[in-house]
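Now for the letters of each chain:
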Amino acid sequence: MAERRDFYEILGVSRDATPEDIQRAYRKLARTYHPDMNKDPAAEGKFKEIAEAYDVLSDPTTRKKYDAFGHDFRGVPDDVDPEMYRRARAGGARRQAGGPANVEYEFSGADFGDVDIEDLFGDFFGRGTRGGRRGWGPIAGADQEAELEVTVEEAYHGGKRSFTIPGPSGPRTIEVNIPAGVADGQRIRLAGQGGQGTSGAAAGDLYLVVRLARHPRYRVDGRNIAVELRLTPWEAALGASVAVDTPGGEAKVRVRPGTSSGKRLRLKGRGMPNPRGTPGDLYAEVRIMVPESLADDERRLFEELARVSNFDPRSGR
């Protein structure tokens with residue numbers, strides 16, 4: 001029989017790995033090898049191996065016993081001293097090779113007398129099964145991940161959306177509650193909507209990674225929003241109070257006299273909401289527009305302005 005692989009090796013973590021390291025490693029491997037995600041015939045066996053390793057190493061008690069006794073840990077009584085056990089195991093190996101049928105051992109100071117080592121540690125000789133069951137037993141469903149594209153308005157206001165994801169039995173539609181102020185790259189957790197467990201075990205979770213869709217007017221940078229603000233030459237020169245569209249509705253922005261294209265006017269707190277802190281800002285980026293064609297009076301006034309003005313934008317004066 002081939003020697004079983006070390007559980008730490010299966011998960012790809014060191015023996016001093018933290019519980020968080022172990023959980024991250026399991027989730028990464030589960031997404032790769034879970035039968036719901038991977039149709040390779042070998043994936044199921046690989047996943048069962050991963051799930052067993054995680055089941056043992058994620059529990060502090062079973063991990064401690066595994067560290068002490070290796071793969072035989074399930075058949076070792078709780079009060080057995082690891083060093084005494086190793087001596088007993090070596091004696092059992094000698095008996096199988098032709099030694100005496102019964103040997104006397106001392107465990108943690110208690111004399112067991114003439115005890116058959118196979119009766120005492122039957123499980124690690126292959127007769128027992130885990131928890132009294134044959135097979136792998138219940139295996140929790142794997143966590144899954146998918147992308148959810150939302151508009152800037154949806155991210156700003158929040159709300160409910162139907163979302164369709166693929167699955168082994170065909171597409172399924174679920175309802176997603178999008179929190180107001182959700183940011184690009186943020187994950188939304190849907191408990192119990194991931195891969196299905198086996199033998200009645202709990203399903204995994206589904207994590208939706210939010211991606212903001214491109215918008216014809218708004219650009220989002222973190223929680224700040226930028227929007228173009230188009231001005232006439234006279235509004236920019238004389239100053240004005242101008243309406244600007246924001247995801248939260250119309251707002252007024254004050255344009256100071258002498259404002260040039262490229263100027264960014266800040267509206268504090270009018271960016272993306274922040275459920276845990278200060279909202280972002282909205283920046284109105286000025287762009288001065290001129291008519292494509294001029295009426296006679298407009299042309300006359302522009303010509304008069306050109307005649308009397310000393311302004312030279314190329315020299316900065």
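Computed from a predicted structure; not experimentally measured. (Residues numbered from 1 in each chain as written. Predicted model: local features only at pLDDT ≥ 70, side-chain atom pairs only at ≥ 80, totals over all residues. Heavy atoms only, no water.)

Draft legend 1. Just helix 3 (residues 43-57), in detail. For helix 3, which comprises 15 residues, the first-to-last C-alpha distance of 21 Å matches the rise-based estimate of 21 Å (1.5 Å per residue) to within 8%. Within helix 3 the residues assigned to the buried category are Ala43, Phe47, Ile50, Ala51, Glu52, Ala53, Val56 and Leu57. The elements touched by buried residues of helix 3 are helix 1 (7-11), helix 2 (19-33) and helix 4 (60-69). (Helix = DSSP H or I, 4+ residues; strand = E, 2+ residues; numbered from the N terminus. Expected span 1.5 Å × (residues − 1). Buried < 20%, exposed > 50% of the residue type's maximum accessible area, 1.4 Å probe, protein only. Contact = heavy atoms within 4.5 Å.)

Draft legend 2. Highlighting the packing of aromatic side chains. Taken as a whole, this structure holds 4 aromatic pairs when the rule is applied. Between tyrosine 26 and tyrosine 54 the ring centres are 4.1 Å apart and the planes differ by 10°, which places this aromatic pair in the stacked class. Remark: tyrosine 54 occurs in helix 3 and tyrosine 26 occurs in helix 2; sequence separation between them is 28 residues. On the accessibility criterion, tyrosine 26 (9% relative accessible area) is buried. Here the aromatic cluster, defined as three or more aromatic residues joined through ring pairs, consists of Phe7, Tyr8, Tyr66 and Phe73. (Phe/Tyr/Trp six-rings, centres within 6.5 Å; stacked < 30°, edge-to-face > 60°.)

Draft legend 3. Here's a closer look at the sheet that holds strand 3 (residues 144-150). The sheet built from 3 strands is open, its strands ordered 3-7-6 with mixed pairing. Edge positions in the sheet fall to strand 3 and strand 6 (187-190), since each of these pairs with one other strand and no more. For this sheet, the mean angle separating the axes of adjacent strands, direction not counted, is 30°. Direction of pairing for strand 6 relative to strand 7 (residues 206-212): antiparallel, over a ladder of 4 bridges. Bridge pairing links isoleucine 188 to leucine 208 in strand 7. (Pairing = 2+ DSSP bridges. Axes fitted to C-alpha atoms, helices over the stretch in contact; angles between N-to-C directions.)

Draft legend 4. Structural context of the packing of helix 3 against helix 4. Relative to each other, helix 3 and helix 4 sit at 105°, their axes nearing to 6 Å. Regarding the angle of helix 3 to helix 4, the classification is roughly perpendicular. Contacts between helix 3 and helix 4 involve Asp55, Val56 and Leu57 from the former and Thr62, Arg63 and Tyr66 from the latter. Here the contact of helix 3 with helix 4 is composed, by residue class, of 3 nonpolar, 1 polar and 2 charged. (Parallel < 35°, antiparallel > 145°, perpendicular 65-115°, else oblique. Nonpolar A, V, L, I, M, F, W, Y, C, P; charged D, E, K, R; others polar.)

Draft legend 5. How the structure looks around the packing of helix 2 against helix 3. Look at helix 2 against helix 3: their axes get within 10 Å of each other, and the N-to-C directions meet at 165°. Classified by the angle their axes make, helix 2 and helix 3 are roughly antiparallel. As helix 2 packs across helix 3, the resulting crossing turns out to be left-handed. Every residue of helix 3 that contacts helix 2 at Ile22, Gln23, Tyr26, Leu29, Ala30 and Tyr33 is listed here: Ala43, Lys46, Phe47, Ile50, Ala51, Tyr54 and Leu57. The residue inventory of the contact of helix 2 with helix 3, partitioned by class, reads 11 nonpolar, 1 polar and 1 charged. (Left-handed = near helix turned anticlockwise from the far one by under 90°.)

Draft legend 6. Structural view of the confidence of the model for the protein. Per-residue confidence for the protein gives a mean pLDDT of 80; residues scoring 70 or more make up 80%. Contacts from residues 94-136, a stretch scored under 50 in pLDDT, to residues over four places away or in other chains number 72 contacts. (pLDDT = per-residue confidence, 0-100.)

Draft legend 7. Just the nonpolar core, in detail. Membership of the largest hydrophobic core comes to 34 residues, with the highest contact counts inside it found for Leu148, Val176, Leu208 and Leu229. Counting residues in hydrophobic clusters, the runner-up holds 24 residues, among them Ala17, Ala30, Ile50 and Leu57. (Core = buried A, V, L, I, M, F, W, Y, C linked by side-chain atoms within 4.5 Å.)

Draft legend 8. How the structure looks around the sheet that holds strand 8 (residues 218-221). Ordered in space as 8-9-13-12, the 4 strands form an open sheet in which the pairing is mixed. Looking at which strands have only one partner, the edges of the open sheet turn out to be strand 8 and strand 12 (264-267). Neighbour to neighbour, the strand axes of the sheet diverge by 30° on average, direction disregarded. In the sheet, strand 9 (residues 224-231) pairs with strand 13 (residues 282-288) via 7 bridges, with the strands oriented parallel. Directly across from leucine 231, in strand 13, lies its bridge partner isoleucine 288.

Draft legend 9. Representation of the side chain of aspartate 205 within the structure. If you trace the backbone, aspartate 205 turns up in the loop between strand 6 and strand 7. Among the polar contacts made by the side chain of aspartate 205, one reaches the side chain of arginine 189 at a distance of 2.9 Å. Only 3.0 Å separates the side chain of aspartate 205 from the backbone nitrogen of glycine 192, close enough to count as a polar contact. Excluding residues that lie within four positions of it along the chain, aspartate 205 makes contacts with Ala142, Asp143, Gln144, Arg189, Leu190, Ala191, Gly192, Gln193 and Gly194. (Polar contact = N/O pair within 3.5 Å; in protein donor to acceptor, adjacent residues only side chain to side chain.)

Draft legend 10. Looking closely at the pattern of salt bridges. Counting across every chain of the model gives 19 salt bridges. A salt bridge links lysine 48 to glutamate 44; the nearest nitrogen and oxygen atoms lie 3.6 Å apart. Taken together, the residues lysine 48 and glutamate 44, both in helix 3 and 4 residues apart, mark about one turn of the helix. In this structure, glutamate 285 engages arginine 219 in a salt bridge whose closest nitrogen and oxygen atoms are separated by 2.9 Å. Within this pair, whereas glutamate 285 is found in strand 13, its partner arginine 219 is found in strand 8, the two being separated by 66 residues in sequence. Here the residues in one salt-bridge network are Arg5, Glu9 and Glu49, joined through shared partners. (Salt bridge = Lys/Arg side-chain N within 4 Å of Asp/Glu carboxyl O.)

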